[in-house]
Amino acid sequence: MKLKTITTFALIGFFLGLTVLTAGEKLTGLDVMKKVYYRPAPKDMEADLIMILINSSGDKRVRKIKQFVKDYGKVEKKIMFFLAPADVRNTSFMNWSYDDPNKDDDQWIYLPALKKIKRISSEDKSDYFMGSDFTYDDLGNRLPEEDNHKILREEKLNGEDCYVIESTPRDPDYMYSKTITWVVKGKWIGLKRKFYDEDGEFLKELTVEKYDNIKGYWMLTRVKMHNVQKNHTTIMELRNIKVDIGIPDRMFTERMMKRGIR
Amino acid sequence: MRKFLISFLFVFVMLAPVFGGDLEITGYVRNYTGVLLHGDYDFSIVQNTLNLNFELKSDKAALKVNPYVYQYYDRGLEFNLREAYLDLYFNSMDIRIGKQQIIWGKADGVFITDVISPKDLSEFLLRDFDEIRMGITAAKLDYYLGDSTVELVWVPVFTPDKFPPEGSIWKPRMDLPPNAKFDLSRMDMEFNLKNSEYFGKISTLTGPIDFEIMAGYTWDSRPVPFLEREIDPLTHLPVSITIIPQYDRLTLFGGSFSTTVKGVVLRGEAAYYIGKYFRTTDPTVAEGVIEKNYMHYLIGADTSLLGARVSFQFVQRWIFDYQPTLVDPERHNMMTVLITNKYLNDTLTVEFFSYIGLTDGDALIRPKITYSFADGFDIQIGVNIFTGSKGMFGQFHDNDMVYTKIRYSF
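Residues numbered from 1 in each chain as written. Chains lettered and ligands numbered in written order. Predicted model: local features only at pLDDT ≥ 70, side-chain atom pairs only at ≥ 80, totals over all residues.

Draft legend 1. Highlighting the overall build of chain B. Helix and strand content of chain B: three helices and 21 strands. Whereas a compact globule of 410 residues would reach a radius of gyration of roughly 22 Å, chain B reaches 23 Å, a difference of no more than 12%. Projected onto the principal axes, the alpha-carbon positions of chain B cover approximately 80 × 55 × 50 Å. At a minimum sequence separation of 6, the contacts of chain B that also span at least 24 residues come to 53%. (Helix = DSSP H or I, 4+ residues; strand = E, 2+ residues; numbered from the N terminus. Rg over C-alpha atoms; globule rule 2.2 N^0.38 Å. Contact = placed C-beta atoms within 7 Å.)

Structure below.
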């Protein structure tokens, strides 16, 4: 199973890829998106996630999370420790997601005020994560085969040669009518994506502000999602990223949810 | 109190190097104002709260102290420690010693296997649950085996539930004989080992299912109202009745589970109580109470519906070997409903919660709106509506109220 987390976002197809394009190879839109999707990914990862929510008045709210993710093959386990703001501090969230597409994620939340771990139903993929402008689906692993892809054109973005890919969902009830993605040739990193709502109206735009190569993995370390309809913006930043460090299995347990991170 | 807090800080700062970390201070201040919706619109509560958490953590140990202060407009300061404990972390085992809240079970807002921490019912069930559950002095050991945990708890000092004081609008209605007197001489408990409480639990958290199996040898947290009747030798009618409340031992076994089926979380929890005294109207029962066993259980479901979180619970208390003279019904049924939704990028939370008494036809309805106008700052407006005329909730039908809570967390 591919490692998917919120950072993940840094890891999912849209953001990362190392496959080298063979000279002269003629690619389809699906080929491009598969190259982005099926690329090497770390076995585990630890990182600090800073999320800045900016409303239409310019007021900022900041969320800080420490997260650990580990890929076990058929299951990927993720645990998140909320550090800020103060009213959610010491809350923890654990998610086990399965490579079986028919199996829902298992999720638990530990609420320090209740001192209890609660199993919760999987979020609707169209729900927004923690009041941000990212839906759970934006942060997850959407298979390339779930959309039809078309190369619209090739153009430069931020000095990088890109394919511009239009993706339309095969499921007519999907929350986006289409997305348009700028994928860097050779690096297979998405640099920008535009989302259109169910009525075909421009909804939001994701832009990459910073990316780094960490132990051979291209990872986005700062991205911005701007919802043009609500004039609301979310900036996600990853700090202190560590990959392939051998996170112990005991990290993804009831014990750690209750104890929290130091 | 200031000296006390300064002493605290001093101790923590001194201990910080031992724990290899910095002292972390978090907490909140809050104003909670409620107005009754009947009569002269009296204030039901005007409370200012300071709640502090002092924590030191390392890989091997942790120390936490949680003092709080309630300041009311009509009485003195209430100061106490909700928790004050030391954690020791070993390879496969944790030990917690000190005053602590211990919460078991999968139920929301209902206490079935959650019997270790006593309850502060000074304001009925209206307080936040972290304030209803009182800390108790205990030693707790958790031993970890893969996805499972064995937990053992020793409570050397019994602490009963806390009830509203005389004159409080939350004092439960009691149907007492007109000539009844109280003798509280048996309420005191001796502080010795034989009065300890013991609990054990095995819990497992896995992908398909989470479950807990527990047992406890405890005290009934509410005193049993034993009666003593003085009988007129001529008429054989009682001349006077003395109520002698006394705490009694209880043994219980129980368990709980939660699992996910097609996006719906199903929960269940049950406890079988042995040796609980129930009040009887049978005049031939001299002490006025009869010992029975009973089952307390719930089934519940949580799901998402049209973007909202929805949760239902059905709760039943079932007295075995029932006798019609018992004051309590053989089966007491209740349900709870919770609907929550968030708007405006999670800054506005709308919640509807209700206890619905199916046996007595009463209910407590608690809608509320919480708006977070900045990180850490939130304001809440809600109402508590009691319906019915009898039962657990109907008895407070004159206590409908509207309230606001303004809170800053730091």
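Let's pick the thread back up.
Draft legend 2. Local environment of the overall build of chain A. When you go through chain A residue by residue, the secondary structure sums to two helices and 14 strands. For a compact globule of 262 residues, the expected C-alpha radius of gyration is about 18 Å, and chain A comes in at 18 Å, within 12% of that figure. On the principal axes, the C-alpha backbone points of chain A span a range of 55 × 40 × 35 Å. Buried positions account for 40% of the 262 residues belonging to chain A. A fraction of 46% describes how many contacts in chain A between residues 6 or more apart in sequence connect residues 24 or more apart. (Buried ≥ 20, exposed ≤ 12 C-beta atoms within 10 Å, placed from the backbone.)

Draft legend 3. Spotlight on the sheet that holds strand S12 (residues 238–246) of chain B. Residue and element names in this part refer to chain B. Pairing in this open sheet of three strands is mixed, and the strands run S8-S12-S11 from one edge to the other. Pairing within the sheet leaves two strands with one partner each, and these edge strands are strand S8 (180–182) and strand S11 (224–231). Strand-to-strand, the axes of this sheet are offset by a mean angle of 30°, without reference to chain direction. In this sheet, S12 lies alongside S8 in parallel orientation, the contact comprising three bridges. When the sheet's bridge partners are listed, Lys-181 is paired in S12 with Thr-242. (Pairing = 2+ DSSP bridges. Axes fitted to C-alpha atoms, helices over the stretch in contact; angles between N-to-C directions.)

Draft legend 4. Representation of the environment of B:Glu166. Residue and element names in this part refer to chain B. Structurally, Glu-166 is set in the loop between strand S7 (148–155) and S8. Here Glu-166 falls in the exposed class, since 6 other C-beta atoms lie within 10 Å of it. For the pair Glu-166 and Glu-351, spaced 185 residues apart in sequence, the C-alpha to C-alpha distance is 32 Å.

Draft legend 5. Inspection of the interface of chain A and chain B at higher detail. The interface is formed by 27 residues belonging to chain A together with 31 residues belonging to chain B. Every element with two or more residues in the side of chain A that touches chain B is listed here: strand S3 (60–71), strand S7 (116–120) and helix H2 (254–259) of chain A. Per element, the largest residue contribution to the side of chain A that touches chain B is four residues, and it comes from S7(A). Partitioned by chemical class, the residues of the side of chain A that touches chain B number 10 nonpolar, five polar and 12 charged. (Nonpolar A, V, L, I, M, F, W, Y, C, P; charged D, E, K, R; others polar.)

Draft legend 6. Focus on unusual backbone geometry. The step from A:Ala84 to A:Pro85 runs through a cis peptide bond, and the omega angle for that step is 10°. On the secondary structure map, A:Pro85 appears in the loop between strand S4 (75–84) and strand S5 (92–98). A positive phi angle, close to 55°, is found at B:Tyr41, a residue other than glycine. Mapped onto the fold, B:Tyr41 is located in the loop between strand S1 (24–36) and strand S2 (43–57).

Just geometry here; none of it tells us what the structure is for.
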